[in-house]
Amino acid sequence: MTHRAPVNRIIRFSSVDGPGNRTVVFLQGCNYNCRYCHNPETRALCCHCGDCVAHCPAGALKKDADGHVLYAYEACVFCDACIRVCPHDASPRIRSLTAKETFEEIEKQIPYIRGVTVSGGECTLYPSYLAELFRLCKELSLETLLDTNGTLDLFSRPALFDVTDGVMLDVKAWDARVHRALTDHGNGDVLRHMIALAECGKLHEVRTVVMPEMVDAERTVRQTARALAPYLHLYPVRYKIIAFRPAGVRKEYASFATPDPPYLAYLSDLAKSEGMREVILI
Ligand code: SF4
Ligand code: SF4
């Protein structure tokens, strides 16, 4: 059986989505509603309201007889007009690809890439597709990474777990109430999965976005680093501390403050004082 997923875009070469040069696949749809999301157009699947069709300057969008919005990839000039007008946090520029079709696009970059990262949206909404895609990657010795909010229990998906080399996981907030206010979801599963992945040496990186008005970054960084310290001999998990920036966010959050460099440096020192050896500020 072949599995499909809605593919938002494929970046052929990236050096910031895991180690080395990688192809990155972004899937559409997310189970969270992060207030600071920089790609809110990846959250929802298109409901075919048609509001964006008339705004396309290239004739790449049209409605068919059944009322479905059709997207012509070859005609698109990637002006983003459709994304700017969509009122549903969606995009019409989605291709429904099988794992094999996705892999055929990845394969073109061999031998210039070390591996593949799948991101989103929330890529783990499509575990069967991921398992098939990563199995194909492993057959050609490509390293496989998931970029996830940590909600999927990978251990309950052995077909995916076995072909996943590593996970990059967001710890958005340590306090469950803060996490819920930020994302609409608690964080119990995320923290459990983080530890379980660290225990088996598959946790590649954790990330926290520092948005001072909404996230208690000091507590989140301290507690996350403290929780991971006992496992760092199994794999040297990297902590990426990311400054909130307003570019791309929904307008109601665009006036939120960007943390200043001394505060970020303080958070980095805090993580290191708890045992993290590699901390990256961006
Ligand atoms: S990004 Fe593509 S589909 Fe969207 S409006 Fe521009 S040309 Fe049309
Ligand atoms: S992308 Fe947005 S505006 Fe366009 S048809 Fe889909 S839901 Fe409507």
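None of these values were measured; they are calculated from a predicted model.

Student: Please explain the environment of Cys79 as it appears in this structure.
Tutor: Assignment of secondary structure puts Cys79 in the loop between strand E4 (69-71) and helix H1 (81-85). Taking the relative accessible area as the measure of exposure, Cys79 reaches 33% and is therefore partly exposed. Along the backbone, Cys79 and Cys56 are 23 residues apart, and their C-alpha atoms lie at a distance of 8.5 Å. Excluding anything up to four places from it in sequence, Cys79 contacts Pro57 and Arg84.

Student: Would you take a moment to explain the domain arrangement of the chain for this structure?
Tutor: Accessible area lost when the parts come together is the quantity often used to give the size of an interface. When its domains are assigned, the chain resolves into domain 1 (4-42 + 94-281) and domain 2 (46-93). Taking only C-alpha atoms into account, the centre of domain 1 sits 28 Å from that of domain 2. Both faces combined, the contact of domain 1 with domain 2 buries some 650 Å², and carbon together with sulfur accounts for 48% of it. Summed over the three residues of domain 1 that lose the most area to domain 2, namely Glu41, Ile94 and Arg95, the buried surface amounts to 65% of that side. At the surface where domain 1 touches domain 2, the tally comes to 1 salt bridge. Counting the contacts that link domain 1 with domain 2 gives 2 residue pairs in polar contact (both at pLDDT 80 or more). Its residues assigned to classes, the side of domain 1 that touches domain 2 shows 3 nonpolar, 3 polar and 3 charged.

Student: Hey, could you run me through the side chain of Thr224 in this one?
Tutor: With respect to the secondary-structure elements, Thr224 resides in helix H7 (residues 217-228). Owing to a relative accessible area of 0%, Thr224 belongs among the buried residues under this scheme. If we skip the residues at most four places from it in the chain, Thr224 touches Val171, Trp174, Met194, Val206 and Tyr239.

Student: Before we go on, may I ask you to explain the packing of helix H6 (residues 188-199) against H7 in this structure?
Tutor: Between two packed helices, the angle of one axis relative to the other and the distance separating the axes together describe the packing. Packing of H6 against H7 leaves a shortest axis separation of 10 Å and a crossing angle of 35 degrees. Our pair here, H6 against H7, has a crossing hand that is right-handed. Contact with H6, carried on its side by Met194, Ile195 and Ala198, involves Thr224, Ala227 and Leu228 of H7 and no other residues of that element. Taken together, the residues that form the contact of H6 with H7 break down as 5 nonpolar, 1 polar and no charged.

Basis of the calculations
- Throughout, a residue's number is its position along its own chain's written sequence, starting from 1.
- Working convention: letters from A go to chains and numbers from 1 go to ligands, in the order in which they are written.
- The predicted nature of this model means local features are confined to residues of pLDDT at least 70 and side-chain atom pairs, given and counted, to a pLDDT of 80 or more, with totals for whole chains, interfaces and linings taken over all residues.
- Side-chain calculation: all heavy atoms of the structure are included, whereas hydrogens and water are not.
- Where helices and strands are cited, they refer to DSSP runs of H or I of at least four residues and of E of at least two residues respectively, numbered from the N terminus.
- For every residue, the accessible area obtained with a 1.4 Å probe (protein chains only) is divided by the maximum for its type, and the residue is called buried under 20%, exposed over 50%, and partly exposed between those limits.
- By definition, residues are in contact when any of their heavy atoms lie within 4.5 Å.
- Residue ranges labeled as domains rest on an automatic or database domain assignment.
- Here the buried area means the combined drop in accessible surface, using a 1.4 Å probe, for two parts upon being joined, counting both sides.
- For this analysis, a salt bridge means a side-chain nitrogen from Lys or Arg found within 4 Å of a carboxyl oxygen belonging to Asp or Glu.
- Polar contact is the term for a pair of N or O atoms within 3.5 Å; when the atoms are in protein, one must be able to donate a hydrogen and the other to accept it, and sequence-neighboring residues count only if both atoms are side-chain atoms.
- Three classes are used: nonpolar for Ala, Val, Leu, Ile, Met, Phe, Trp, Tyr, Cys and Pro, charged for Asp, Glu, Lys and Arg, and polar for all others, with Gly counted as polar.
- Convention adopted: a line fitted to C-alpha atoms gives each axis, helices being fitted over their contacting stretch, and angles between N-to-C directions are expressed from 0 to 180 degrees.
- In this scheme the handedness of a crossing depends on how the near helix is turned from the far one: anticlockwise by less than a right angle means left-handed, clockwise means right-handed.

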